[in-house]
Amino acid sequence: MTVSASPVPPGPLLDVAELAKRFVVGSKRGLVARALSFSKPAAPPSLLHAVDDVSFTVGRGETVGLVGESGCGKSTLVRLINRLLDPTSGSIRLGGAELSDFRASSFAGNPHRARIQMVFQDAGDSLNPRYTAADAIADPLRRLKRMSGAQLKARVEALADMTGLPRELLPRFPHQLSGGQKARVGIARAIAVSPELLILDEPTAALDVSVQVVILQLLQQLKRELGMSYLFVSHDLNVVRLLCDRVLVMYLGKIVEHGPAAEVFANPSHPYTRALISAIPQADPERRVDRLRLGGEPRSPIDPNPNVCRFYGRCPKGTPRCAEEMPLLRPAGAARQVACHFA
Ligand SMILES: Nc1ncnc2c1ncn2[C@@H]1O[C@H](COP(=O)(O)OP(=O)(O)O)[C@@H](O)[C@H]1O
Ligand code: SF4
Ligand SMILES: [Mg+2]
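Calculation notes
Residues numbered from 1 in each chain as written. Chains lettered and ligands numbered in written order. Predicted model: local features only at pLDDT ≥ 70, side-chain atom pairs only at ≥ 80, totals over all residues. Heavy atoms only, no water. Helix = DSSP H or I, 4+ residues; strand = E, 2+ residues; numbered from the N terminus. Buried < 20%, exposed > 50% of the residue type's maximum accessible area, 1.4 Å probe, protein only. Contact = heavy atoms within 4.5 Å. Salt bridge = Lys/Arg side-chain N within 4 Å of Asp/Glu carboxyl O. Pairing = 2+ DSSP bridges. Phe/Tyr/Trp six-rings, centres within 6.5 Å; stacked < 30°, edge-to-face > 60°. Core = buried A, V, L, I, M, F, W, Y, C linked by side-chain atoms within 4.5 Å. Near = heavy atom within 4 Å. Polar contact = N/O pair within 3.5 Å; in protein donor to acceptor, adjacent residues only side chain to side chain. Areas by Shrake-Rupley, 256 points an atom, 1.4 Å probe, with all protein chains shown as cover. Nonpolar A, V, L, I, M, F, W, Y, C, P; charged D, E, K, R; others polar. 1 Å grid on protein atoms, 1.4 Å probe; cavity = no way out; pocket = protein on both sides within 12 Å on 5 of 7 lines; lining within 4 Å. Sits in = over half its atoms within 2 Å of the grid points. Axes fitted to C-alpha atoms, helices over the stretch in contact; angles between N-to-C directions. Parallel < 35°, antiparallel > 145°, perpendicular 65-115°, else oblique. Left-handed = near helix turned anticlockwise from the far one by under 90°. Patch = residues over 30% accessible without salt bridge, like charges linked within 9 Å, V, L, I, M, F, W, Y side chains within 5 Å.

K.L.:
Any chance you could explain the overall build of the protein chain here in plain terms?
P.N.:
A tally of regular secondary structure across the protein chain gives ten helices and twelve strands. Residues counted as buried form 47% of the 343 residues belonging to the protein chain. If you take every contact in the protein chain between residues at least 6 apart in sequence, the share linking residues at least 24 apart comes to 66%.

Now the structure itself:
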């Protein structure tokens, strides 16, 4: 199979439709007992709904932010898109090609592999401790672009220059590099094969604040220079506000609000988005708003009731209707969507 470089197909670069991932959960003993219970009809396994019917697009050259609290399914969603995990259902189209038809286990050798790359949350953990920085950056070029020799060496050095990694650090192993240098290696490795879509899963979460700023500036500069699209996962809403064209707000596996970042931040519609935004630290006293504190416990993502709003129980605006009818993501203005009965 070959991947045609031109002409550019119309439509968005990434088109995710009704994507879902459910993990079978329960103790190993419970699973074995269920498998062995020949006499009784086996109870269905418990399913953790990590990503639940998620649909969105990323345009060419666009930066789309994905926000939501820890455990809401952000990493699972981007791992599905990056074809590290197989979806339970749904579609992932990249420039018109259906990627969900390919198994995650064999995607490393797929011609589409070079088109999506990912920068992982903790560069230290995601780099092989036995690979030097040069080996780490060269690895995808060897595998996906069949580069070797002087051409490979020159490309690795060019990538070090592009990401601000001094060339003399290329022979070093990850434990001999600082957090910021490891982040640069992770970025150089991800952009090495010229991806069209770069997924960034909390790329600066493990870094000191001063280093975070420098790495975010580097990412913005690379995007301008290389014309990639970004899917940017972050729990830092100030960063998302600055960097992203559009934002997706996720709560317990579902997108609850979606729209242009400037509009969503200026005028959040969903009660959960309002609570998230009210919690952003504001230096400017004019912009400070009272922090909305969420009561109650988050609902369980295991076998959730399909008729109850996932935010019910914590939502300050909840009514009995919210416990009987799941709100759907509906248009709210020209470019926005909100999943709340009362938005
Ligand atoms: N391999 C797995 N098996 C079972 N549950 C998982 C697995 N991976 C993630 N989960 C669960 O899926 C939910 C979403 O996790 P994750 O995508 O890591 O969230 P986030 O990145 O937003 O913190 C969590 O409840 C998590 O415990
Ligand atoms: S549907 Fe009800 S519980 Fe859900 S977010 Fe809206 S008001 Fe809150
Ligand atoms: Mg995560």
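K.L.:
Can you help me understand the pattern of salt bridges in this one?
P.N.:
Side chains that carry opposite charge are capable of pairing whenever their charged atoms lie near each other. Evaluation of the coordinates by the stated rule reveals 15 salt bridges. Note that Arg22 and Asp52 form a salt bridge whose closest N and O atoms lie 3.4 Å from each other. Of this pair, Arg22 sits in strand E1 (residues 14-25) while Asp52 sits in strand E2 (residues 46-58), placing them 30 residues apart in sequence. The class of Arg22 is partly exposed, set by a relative accessible area of 26%. A single salt-bridge network, built from bridges that share partners, covers Lys153, Glu157, Asp161 and Arg167.

K.L.:
Just to check I follow, could you spell out the sheet that holds strand E7 (residues 197-201) for this structure?
P.N.:
Sheet strands associate in pairs through backbone hydrogen bonding, adopting either a parallel or an antiparallel arrangement. The strand order E6-E7-E8-E3-E9-E10-E12-E11 describes an open sheet built from eight strands, whose pairing is mixed. Both outer strands of the open sheet, strand E6 (116-119) and strand E11 (330-331), are each paired with one neighbouring strand and no more.

K.L.:
Would you mind going over the environment of Ala266 with me for this structure?
P.N.:
Its place among the elements puts Ala266 in helix H9 (residues 261-266). When its relative accessible area of 67% is taken as the criterion, Ala266 is described as exposed. Separated by eleven residues in sequence, Ala266 and Ile277 have C-alpha atoms that sit 9.2 Å apart.

K.L.:
Can you help me understand the packing of aromatic side chains in this one?
P.N.:
For any two aromatic rings, the description comes down to two numbers: the centre-to-centre distance and the angle of the planes. This structure, assessed with the given rule, holds four aromatic pairs. Ring geometry for Phe102 against Phe107: centres 6.1 Å apart, planes inclined by 45 degrees, an arrangement best described as tilted. Exposure remark for Phe107: the relative accessible area of 1% places this residue in the buried category. Members of the aromatic cluster, joined through ring pairs, are Tyr251, Tyr272 and Phe311.

K.L.:
Would you take a moment to explain the nonpolar core for this structure?
P.N.:
Across soluble globular proteins, you tend to see nonpolar side chains buried next to one another. In terms of nonpolar packing, the biggest core is built from 58 residues, with Ile137, Leu141, Leu165, Val185, Ile187, Leu198 and Phe232 touching the most fellow members. The element contributing the most residues to this core is helix H6 (residues 179-191), with six residues. In this structure Leu198 touches Gln117, Met118, Val119, Ala190, Ile191, Met228, Ser229, Tyr230 and Leu231, once residues within four positions along its chain are discounted. Judged by nonpolar contacts, the second largest core, of 29 residues, contains Leu85, Leu94, Ile116 and Ile255.

K.L.:
For this particular structure, what's the right way to read the site of ligand 1?
P.N.:
Around ligand 1 sit Phe23, Leu48, Ala50, Glu69, Ser70, Gly71, Cys72, Gly73, Lys74, Ser75 and Thr76, and that is every residue in its neighbourhood. Within the contact set of ligand 1, an oxygen atom lies 2.6 Å away from a backbone nitrogen or oxygen of Gly71. Taking Cys72, its main chain carries an N or O atom lying 3.2 Å from an oxygen atom of ligand 1. Taking 570 Å² as the accessible area of ligand 1 by itself, protein coverage stands at 62%. Counting residues per element, the ones that place at least two in the shell around ligand 1 are E2 and helix H2 (74-81). Tallying contributions element by element places H2 first for the shell around ligand 1, with three residues. Classifying every residue of the shell around ligand 1 by side-chain character gives four nonpolar, five polar and two charged.

K.L.:
Quick question: what am I supposed to make of the site of ligand 2 here?
P.N.:
The full set close to ligand 2 counts 13 residues, and Cys309, Cys315, Cys322, Cys340 and His341 are the nearest of them. Of all the cavities here, the one that holds ligand 2 is the largest cavity.

K.L.:
What is the right way to read the packing of helix H4 (residues 133-145) against helix H5 (residues 149-162) from this model?
P.N.:
Where H4 meets H5, the closest approach of the two axes is 10 Å, and the angle between their N-to-C directions is 120 degrees. Taken together, H4 and H5 sit at an angle that is classed as oblique. Considering only the axes of H4 and H5, their crossing is right-handed. For the pair H4 and H5, the contacting residues are Ala134, Ile137, Ala138, Leu141 and Arg142 in the first and Leu152, Arg155, Val156 and Leu159 in the second.

K.L.:
In this structure, what is going on with a nonpolar patch on the surface? I would like to understand it.
P.N.:
Among the surface-exposed residues, Val209, Val213 and Val214 lie close enough to one another that they form a single nonpolar patch of about 240 Å² accessible area. Mapped onto the elements of the fold, Val209 is located in helix H7 (residues 209-226).

K.L.:
Whenever I open this one, the sheet that holds E1 confuses me. Can you help?
P.N.:
Ordered by their spatial adjacency, four strands build an open sheet running E2-E1-E4-E5, and the pairing between neighbours is antiparallel. Among the strands making up the open sheet, the edge pair consists of E2 and strand E5 (97-98). Taken together, the five bridges between E1 and strand E4 (residues 89-94) define a ladder with antiparallel strand orientation. If you follow Leu14 over to E4, its bridge partner there is Leu94. Those strands touched by H2 are E1, E2 and E4, and its axis lies near 120 degrees from that of E1.

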